[in-house]
Amino acid sequence: MTDDIKQSDSATIELLSFRVGGQDYSVDIMSVREIRGSAKATSLPHAPSFVKGVINLRGTVLPIVDLAARLGLENEEDNARNVIIVVDLGGRTAGLMVDAVSDILAIPNEELQAPPEVSVDDARTFVSALTVVENRMIRVLDLEAVLPPPHEDAA
């Protein structure tokens, strides 16, 4: 494979780092549309347990994913101090509810390491890469795995 080919103009990746469940995670900043304060989500019947509900974001219905619940972490607190990171992945937009946004990091591509294979079942892995910044292990989320699957029911 040619995954190791690096272009000279993209030798680094910018990540938005944040805390969730007492741990450090990040997402590619190019997928982040905005960061906003917590909002009261309207619950939906039969939604997955990790979907808090939906909010109205300037006329658009936006699903809110409780990232701690989605990742199977202990949720430290569910209060008005939580932050929603609005992400867009190929036209799929969602809000990720996290504890706090930390920083914007510029990480050289060669410092990103693949996570070890530790899955005990066929569940998706949510981490696409790992890196160490200031003695903190930062996990890079695979948004494709984290976001709820698109509705493909063409009846």
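Residues numbered from 1 in each chain as written. Predicted model: local features only at pLDDT ≥ 70, side-chain atom pairs only at ≥ 80, totals over all residues. Heavy atoms only, no water.

1. Topic: the overall build of the chain
Each helix and strand in the chain was counted, giving 2 helices and 10 strands. Looking at the chain residue by residue over its 155 residues, the buried ones come to 38%. Of the contacts formed within the chain by residues at least 6 apart in sequence, a portion of 56% connects residues at least 24 apart. Of the accessible surface of the chain, which amounts to about 9,700 Å², a share of 50% is contributed by carbon and sulfur atoms. (Helix = DSSP H or I, 4+ residues; strand = E, 2+ residues; numbered from the N terminus. Buried < 20%, exposed > 50% of the residue type's maximum accessible area, 1.4 Å probe, protein only. Contact = heavy atoms within 4.5 Å. Areas by Shrake-Rupley, 256 points an atom, 1.4 Å probe, with all protein chains shown as cover.)

2. Some details on the pattern of salt bridges
For side chains of opposite charge, pairing can occur when their charged atoms come near one another. Here the structure, examined in full by the defined rule, presents 6 salt bridges. Note that arginine 33 is salt-bridged to aspartate 88, the shortest N-O span being 3.9 Å. Taken together, the residues span a long stretch of sequence, with arginine 33 in strand 3 (residues 32-37) and aspartate 88 in strand 6 (residues 83-89) at a distance of 55 residues. Aspartate 88 gets classed as buried once you look at its relative accessible area, which sits at 19%. (Salt bridge = Lys/Arg side-chain N within 4 Å of Asp/Glu carboxyl O.)

3. Overview of the environment of glycine 72
Along the polypeptide, glycine 72 turns up in the loop between helix 1 (67-70) and strand 6. Note: C-alpha distance between glycine 72 and glycine 21 (51 residues apart in sequence) is 9.0 Å.

4. Remarks on the sheet that holds strand 3
The sheet built from 5 strands is open, its strands ordered 3-6-7-5-4 with mixed pairing. This sheet does not close on itself; its edge strands, each paired only once, are strand 3 and strand 4 (51-57). The sheet shows a mean angle of 30 degrees between the axes of neighbouring strands, direction not considered. By the bridge criterion, 6 bridges tie strand 4 to strand 5 (residues 60-66) in an arrangement that is antiparallel. Across the sheet, the residue bridging to asparagine 56 is valine 61, located in strand 5. (Pairing = 2+ DSSP bridges. Axes fitted to C-alpha atoms, helices over the stretch in contact; angles between N-to-C directions.)

5. Focus: the packing of aromatic side chains
If you walk through the whole model with that rule in mind, you get 0 aromatic pairs. In this structure, arginine 70 is placed above the aromatic ring of phenylalanine 50, and the distance from its NZ or CZ to the ring centre is 4.1 Å. Residue placement shows arginine 139 over the ring face of tyrosine 25; its charged tip is 5.0 Å from the ring centre. (Phe/Tyr/Trp six-rings, centres within 6.5 Å; stacked < 30°, edge-to-face > 60°. Lys NZ or Arg CZ within 6 Å of the ring centre and 35° of its normal.)

6. What about the sheet that holds strand 9 (residues 127-133)?
Reading across the sheet, the 5 strands line up as 8-1-2-10-9 and stay open at both edges, with mixed pairing between neighbours. Of all the strands in the sheet, just strand 8 (100-108) and strand 9 have a single pairing partner and so form its edges. With direction set aside, neighbouring strand axes in the sheet form an average angle of 35 degrees. Strand direction decides the pairing type here: strand 2 (residues 23-28) and strand 10 (residues 136-141), joined by 2 bridges, are parallel. From the neighbouring strand, serine 26 faces strand 10, where its bridge partner is valine 140.

7. So, the nonpolar core
The biggest cluster of nonpolar side chains holds 27 residues, and the ones touching the most others in it are Phe18, Leu67, Leu96 and Leu141. If we skip the residues at most four places from it in the chain, leucine 67 touches Phe18, Val20, Leu96, Met97, Val98, Leu141 and Val146. (Core = buried A, V, L, I, M, F, W, Y, C linked by side-chain atoms within 4.5 Å.)

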